[in-house]
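# Structure assessment
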Amino acid sequence: MPRIITVVPKPPKLEQKKRVAAYARVSSGKDAMLHSLSAQVSYYSNLIQNHNDWLYVGVYADEAKTGTKDSRDDFQRLIADCRAGKVDMVLTKSISRFARNTVTLLQTVREFKALGVDIYFEEQNIHTMSGDGELMMTILASYAQEESRSASENQKWRIQRNFEEGMPWNGTILGYSYEKGKYVVVPDEAALVKLIFEYYLDGLGYNAIANRLNAEGYKTRNGKSWYHNTIMKILRNYTYTGNLLLQKTYRENHITKKTLVNHGELPMYHAENTHEAIINLEIFDAVQSEMAQRAKRFKKANVPKATYPFSGKLVCCICGKNYRRKVTHTGPVWICGTYNTLGKAACASKQIPESTLMSITAEVLGIDDFNEQAFSDRVAHIRVCAENTLIYQFRDGTETKMQWKDRSRSQSWTDEMKAAARRRTFERRKNGCQK
């Protein structure tokens, strides 16, 4: 009798839809350009979702950024999603929108090709997965990079001509408005600038001045709170003397667009009496001299900055600033940077004892004692929220919520503090008996 083999038919293989994303970018934060970005996002969203064979992944969009890869948040997010296998094809308007640096472009395209991700440049009608795609892109990207270099050189030439004529770069300086290439005093703002210089010569430091201005209800030109760096920049700004020192910084090149301090690489231009002074030269020089004296007194030894397991990991839910480590009389704690600098009025967060943080983290990780390597490998960051809540964000995308308890008063006292308290009690009783 012949042997009969039963064959189980396999279900027909369903054709998977291509997962498609888009990338859009504008290089200026002006309203018209941001409207253009919004239009691009809308266009690509509709295009992908109305294509029957495509599955919409999303539109990644960057605004007011340069064309360099590392400075674009959504571009970095797109790369990460492609590496994670979430995208099959990326649509973008043109090569110049994607990257103006030929090296960056080709590195990214080749990485995407290795991942099996196709990039389609609409303007040039190029698919990177096609045979001649890379050759065409090399040629076109080189052209785009040269166009960027030419525009950058023209901009530099115009700025340098303005410097030679004693014209400032822009008008974003507290105390002045910028009218027809000249600085014009804004009385209310000028009075605030004078107050800052006065406070400093009265002995206040940068943080103390910032805290006082915030307490008195003053705001920056942009309606923000005052901080250490803002005060320092105002006190160092030579422009308030009615004179200009131009080209103190310069751009490294048209690719990196990195701003560097001019240490003699390019000429500086000193223009005298270009506008009305807010601070006379004698007061300005006195402030610079006082700053130098304080710097000498408080100069710290050049010790490498210490890092700790929780450095850069704790984020305040209230103000968004990172927590920092601080050693107090009760031991090391982690405290919000805003609270530590500006006080509770600026951020009503709470400090967390380091021992408490380590204990809870060990519990979250399922280990007996805190392990720095395990923490670093598994936890991306921790959000510190109200009501003693810690939200652990793991690298695999999951979250765990925990609550910590405040230390009791007795736990907050060190052995030294307890001994000192006993001595004070003994002295009080002794003095009472003598009376």
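Residues numbered from 1 in each chain as written. Predicted model: local features only at pLDDT ≥ 70, side-chain atom pairs only at ≥ 80, totals over all residues. Heavy atoms only, no water.

### Some details on the overall build of the protein
A count of helices and strands for the protein gives 14 helices and 18 strands. In the protein, buried positions account for 36% of the 435 residues. Within the protein, counting contacts between residues at least 6 apart in sequence, those at least 24 apart form 55% of the total. Accessible area for the protein stands at about 27,100 Å²; split by element, carbon and sulfur atoms hold 51% of it. (Helix = DSSP H or I, 4+ residues; strand = E, 2+ residues; numbered from the N terminus. Buried < 20%, exposed > 50% of the residue type's maximum accessible area, 1.4 Å probe, protein only. Contact = heavy atoms within 4.5 Å. Areas by Shrake-Rupley, 256 points an atom, 1.4 Å probe, with all protein chains shown as cover.)

### Here's the deal with the pairing of strand E7 (residues 182-185)
Looking at chain direction, strand E6 (residues 176-179) and E7 are connected through four bridges and run antiparallel. Bridging from a neighbouring strand, Ser 177 pairs with Val 184 of E7. As consecutive antiparallel partners, E6 and E7 are separated by two residues, and within that stretch Lys 180 has a phi angle of approximately 55°, a positive value. (Pairing = 2+ DSSP bridges.)

### A look at the state of the cysteines
Under the defined criterion, the tally for this structure stands at one disulfide. Through a disulfide, Cys 317 is tied to Cys 385; the S-S separation comes to 2.0 Å. Residue Cys 317 is located in the loop between strand E12 (314-316) and strand E13 (323-328), and its partner Cys 385 is located in strand E16 (residues 379-385); the two are separated by 68 residues in the primary sequence. No disulfide involves Cys 316; its sulfur sits 3.7 Å from the nearest other cysteine sulfur, which is in Cys 347. (Disulfide = S-S within 2.5 Å.)

### Overview of the confidence of the model for the protein
The share of residues in the protein with pLDDT of 70 or more is 71%, and the mean pLDDT across the chain is 80. A low-confidence stretch, residues 66-70 stays under pLDDT 50, and its non-local contacts, those more than four residues away or across chains, total 16 contacts. (pLDDT = per-residue confidence, 0-100.)

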